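Read off the chains here:
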Amino acid sequence: MGFDAPREKYPGRIREVVIGATKEQGGTRSISLKVGGSNGLQFHSFESEMPHRPLVVMDVVDTMRVVPEQLLSSIGPVVKEPVEWAKACERDWGADICVVKLQSANPEEENRSVTECETLVKDVLRSVSIPIMVYGCGFEEKDAKVIEAVSNASKGERVFLGLAEEKAYKSIAAASMANGHGIVAFSNLDINLAKQMNILLMDFGVKPENIIMDPLMAALGMGLEYSYSVIERLRLGALLGDPVLQMPLVCDCSCAWAAPEALEENPERGKPELRGIYWETMTAYAAVVAGADLVVMRHPQAVAKLRAALAALGGGA
Amino acid sequence: MPTAMDIYKLLPRKNCGECKFPTCLAFAMQLANQKVALEACPYVSPEAKAQLEESGAPPIRLVTVGVSDLAVKMGDETQLFRHDKTFYHPTVLGFVADDAAGLAKMKERIQQTKFAMFERVGQIVRVDVVGVKHSSGKPEDFLEGVKEAVAQPLPIVLLTEDPKLMADAVALSGQKKPLLYRATPQNFEPMVGVAKACCFPLVVGGASSLDELSQMADKAKKAGVTDIVLEPGSSSASNMLENLTMIRRAAIKKKFRPLGYPTVTVLGRSENDLMKASLGVMKYSSMVLLDDVPREFLFPLIALRQNIFTDPQVPIQVKAGLYPVGEPNEKSPVLFTTNFSLTYFTVRADAEKSKIPIWLLVVDTDGQSVMTSFAAGKLTPESVTKAIETEKLKEKNARNEIVIPGMVSRMSGKLNELTGMKIVVGPRESSGLPKMLKSISG
């Protein structure tokens, strides 16, 4: 009995989505990036096409509140200056995209004004040439205004705006449609909800090629297995031909830094920061192996490790 | 699995009834449902027996390395994706002591491996096996290393491609049932001979393609080796993913017997190898052997293995009880949540962010989340009251106040009635806890 390699052919294909717009495309980015487009599981190049490698998005948070102290020395003083932070993502750390998280707009924390948020996004757009994404603070009423202002201020740049949630998607969908931007559809570890979000957005008028899905990435040790399986199932659903699931997936792996085990002091488990770097790298690697097209990350060394690992999976190294 | 009719055709068909079933067909139906053993039939021919055992065997053979309660099991998987059922046998992790480093270093490595264990979410997790390898060092050092490894409790892997040296190492291994690594196209027959003589499991590897690997495994089996472990090529992560995926698929979807065995991946300690080890855990490597790797990496790798091999059909639970977060005292706030581990860890992490010490009362809800257990009637004012009483909360805390998850604010009245405690409705999402805790602890 000879061996006949059992290759899989899937009827479906992940939709190709473009992030960022160059001058010719109506924006000011030096490059626009494509994600998705594959007709198989990630890195199964022995049986499917994977025209675009997964992209690394680095996060820029406009408040220090969420950045663990142990990271301050590596990321450095830039964390105090979101614009400098964004510049470092592009110049020093090789991010494909940067996502500006406007957490300080939170009315229960710093409550930064809509104008300040808008100015920050404009400054970031002026200071970096890579495509960007912008997330609000998660408070619906405030985000409605913030994201609208951001949308207007970045007209034509094809920014991906987030996060659209089941109970709060209309204002953000309207903002993304108004100026030719994209949208990030968030769902909470629930395949049906992920699908429902895409349906809601499309019914509202958002074109499918303007949507990427965030199915919620749980960090290593914090329920990663749930996300891993949800991502695999979303991916398989898309490949088996469900057009409402064929949007590329983004997984926010910066959550690794909120896992207590990543940074706890415990000499048996080695130095906290290095352990945290592996914690984030492995969270992101699992996301990609399961099916993520974009990963959001924070630590430059974790980004470097992930990039090397992805190159190896892609057949290099 | 063969059907009752397939089985029936192989039975004697004499309806003697000695198996306690009236007819051979009735017996065949019971066999197909795995309700009886074939041994109940005194007249089945040896050929039929072999054929039935073959067709009834699991798609991937279960191979055990070592003896006693530290023995490791590999293979016997039935799925390509964990969400389809579960992955049964966590990737076995091992460290290799190489004689190229000299005997002292080898001994040190063997001892290190023995102690590479951690406690994580209530389980003891560890590096499971010790490998002893002959590469460029002295054969006598290798054999001394084998003695050292045999004397410690973990299962062992013997790594040498020299059949004669392997036979010497096997002679030192007693009844420890080591894994023999490995038979290659170059040493195939003598190495298979060694494995056959001692009946220890054997790694088959070094093939240039999966086709060649499957032929080697088939030949080893025909030569009398029953416990086989496959080592496909893993020159790059890409190559490793392809080979392990193809082996798993061929075994499970095509029931291709020559590849129906567990797999092993042997790596070093480069950054590239560390990521390959993670890939092996996620994508079908039954065993991963590493050089000594940094602890900062080993711990997350073990966490990844625990995550991936968690049974998706069973919610992971934490033990119900009253947990201190930080160093709470009798005046610290008290919160309750359920014993679904994901809920517990999220609530705990968010509470820790507040830097305010609290008591966290974990109510037994059979591992369901807040909303699910509330809907299922497992998280009720009565069950919370019972937990408060069992944990003697009122003796440990004088606040007489409890914060309840915002999602179950509806139970406030009844809970207040049953406990006499002041009820504070917490946030709907635990991410709101830091702010909320700051406000109530003033």
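Residues numbered from 1 in each chain as written. Chains lettered and ligands numbered in written order. Predicted model: local features only at pLDDT ≥ 70, side-chain atom pairs only at ≥ 80, totals over all residues.

Points about the overall build of chain A
At step 1: Each helix and strand in chain A was counted, giving ten helices and ten strands.
At step 2: Since a compact globule built from 317 residues should have a radius of gyration of about 20 Å, the 19 Å found for chain A is in line with a globular shape.
At step 3: Taken along the three principal axes of its C-alpha coordinates, chain A extends 70 × 55 × 35 Å.
At step 4: Here chain A holds 317 residues, and 54% of them are scored as buried.
At step 5: When contacts within chain A are restricted to residue pairs at least 6 apart in sequence, those whose partners lie at least 24 apart make up 68%. (Helix = DSSP H or I, 4+ residues; strand = E, 2+ residues; numbered from the N terminus. Rg over C-alpha atoms; globule rule 2.2 N^0.38 Å. Buried ≥ 20, exposed ≤ 12 C-beta atoms within 10 Å, placed from the backbone. Contact = placed C-beta atoms within 7 Å.)

Focus on the overall build of chain B
At step 1: Helix and strand counts for chain B come out as 17 helices and 17 strands.
At step 2: The globule rule puts the C-alpha radius of gyration for 442 residues at 22 Å, and the 28 Å found for chain B is more than 25% above it.
At step 3: Reported as C-alpha extents along the three principal axes, the dimensions of chain B are approximately 75 × 70 × 40 Å.
At step 4: In chain B, once contacts between residues fewer than 6 apart in sequence are set aside, the share between residues at least 24 apart is 61%.

Regarding the sheet that holds strand 8 (residues 179-183) of chain B
All names here are of chain B.
At step 1: Strands sit in the order 10-9-8-7-6-3-12-11 across an open sheet of eight strands; the sheet is parallel. Among the strands making up the open sheet, the edge pair consists of strand 10 (228-231) and strand 11 (264-266). Pairs of neighbouring strands in the sheet enclose a mean axial angle of 25 degrees, with direction left out of account.
At step 2: Summarising the sheet, strand 3 (residues 92-98) and strand 6 (residues 129-133) pair through five bridges and their orientation is parallel. (Pairing = 2+ DSSP bridges. Axes fitted to C-alpha atoms, helices over the stretch in contact; angles between N-to-C directions.)

Quick look at the interface of chain A and chain B
Interface size is commonly expressed as the accessible area that is lost once the parts come together.
At step 1: Contacts between the two partners involve 43 residues from chain A, matched on the other side by 43 residues from chain B.
At step 2: Put simply, the parts of the chain that give the side of chain A that touches chain B at least two residues each are helix 7 (224-239), helix 8 (260-263), helix 9 (272-290) and helix 10 (300-313) of chain A.
At step 3: If one sorts the elements of the side of chain A that touches chain B by residue count, helix 9 of chain A sits on top with eight residues.

A word on the sheet that holds strand 5 (residues 132-135) of chain A
All names here are of chain A.
At step 1: Reading across the sheet, the eight strands line up as 8-7-6-5-4-3-10-9 and stay open at both edges, with parallel pairing between neighbours. Of all strands in the sheet, those with a lone pairing partner are strand 8 (211-214) and strand 9 (250-252), marking the two edges. Mean inter-strand twist for the sheet, computed between neighbouring axes without regard to direction, equals 25 degrees.
At step 2: By the bridge criterion, three bridges tie strand 5 to strand 6 (residues 160-164) in an arrangement that is parallel.

Side note on the nonpolar core
At step 1: Of all hydrophobic cores here, the largest spans 225 residues; its most connected members are Val57, Cys98 and Val295 of chain A.
At step 2: Broken down by element, this core gets its largest block of residues, eleven residues, from helix 9 of chain A.
At step 3: When residues of this core are sorted by domain, at least three fall in each of domain 2 (63-308) and domain 3 (321-441) of chain B.
At step 4: If we ignore the near neighbours within four places in the chain, the residues touching Cys98 of chain A are Val57, Met58, Val60, Ala86, Cys89, Glu90, Val128, Ile130 and Ile132 of chain A. (Core = buried A, V, L, I, M, F, W, Y, C linked by C-beta atoms within 7 Å. Domains from an automatic or database assignment.)

With respect to the packing of helix 10 (residues 271-282) of chain B against helix 11 (residues 295-308) of chain B
Residue and element names in this part refer to chain B.
At step 1: Between helix 10 and helix 11, the shortest axis-to-axis distance is 9 Å and the interhelical angle comes to 15 degrees. For the element pair helix 10 / helix 11, the angle class is roughly parallel. Both helix 10 and helix 11 take part in a crossing whose hand is right-handed. Where helix 10 approaches helix 11, its residues Leu274, Ala277, Ser278, Val281 and Met282 are matched on the opposing element by Phe297, Leu301, Leu304, Arg305 and Ile308.
At step 2: In terms of residue class, the contact of helix 10 with helix 11 is built from eight nonpolar, one polar and one charged. (Parallel < 35°, antiparallel > 145°, perpendicular 65-115°, else oblique. Left-handed = near helix turned anticlockwise from the far one by under 90°. Nonpolar A, V, L, I, M, F, W, Y, C, P; charged D, E, K, R; others polar.)

Let's talk about the pairing of strand 16 (residues 401-404) of chain B
All names here are of chain B.
At step 1: The sheet contact formed by strand 16 and strand 17 (residues 422-425) spans four bridges and is parallel. By the bridge assignment, Ile402 is partnered in strand 17 with Ile423.
At step 2: Crossover handedness for the path strand 16 to helix 16 (residues 412-419) to strand 17: right-handed. (Right-handed = clockwise from strand over helix to strand, strands pointing away.)

Looking at the environment of Met287 of chain B
At step 1: With respect to the element layout, Met287 of chain B can be found in strand 12 (residues 287-290).
At step 2: Residues Met287 of chain B and Thr265 of chain B, spaced 22 residues apart in sequence, show a C-alpha to C-alpha distance of 6.3 Å.

Focus: unusual backbone geometry
At step 1: Here the bond from Gly162 of chain A into Leu163 of chain A is cis, since omega is -5 degrees, no more than 30 degrees from zero.
At step 2: The amide bond that connects Tyr181 of chain B to the next residue, Arg182 of chain B, takes the cis arrangement and shows omega of 5 degrees.
At step 3: Within the secondary structure layout, Arg182 of chain B lies in strand 8.
At step 4: Phi angles above zero are rare outside glycine, and Arg158 of chain A is one such case at about 50 degrees.
At step 5: Residue class for Arg158 of chain A comes out buried when judged on the 26 C-beta atoms lying within 10 Å of it.

Here we look at the domain arrangement of chain B
At step 1: You can read the domains of chain B as domain 1 (4-56), domain 2 (63-308) and domain 3 (321-441).
At step 2: A straight line from the C-alpha centre of domain 1 of chain B to that of domain 3 of chain B covers 58 Å.

Digging into helix 7 (residues 188-198) of chain B
Structural remark: α-helix, 3.6 residues per turn; residues separated by three or four positions point the same way.
All names here are of chain B.
At step 1: Of the residues making up helix 7, those classed as buried are Met191, Val192, Val194 and Ala195. Around the axis of helix 7, the buried residues are gathered within 155 degrees of arc, so they sit on the same side. Along helix 7, exposed side chains directed more than 90 degrees from the buried face belong to Glu189 and Ala197.
At step 2: Contacts from the buried residues of helix 7 go to helix 6 (163-172), strand 8, strand 9 (202-205) and helix 8 (210-222).
At step 3: Directly beyond the C-terminal end of helix 7, a positive phi value near 65 degrees is found at Cys199. (Arc of directions from axis to C-beta.)

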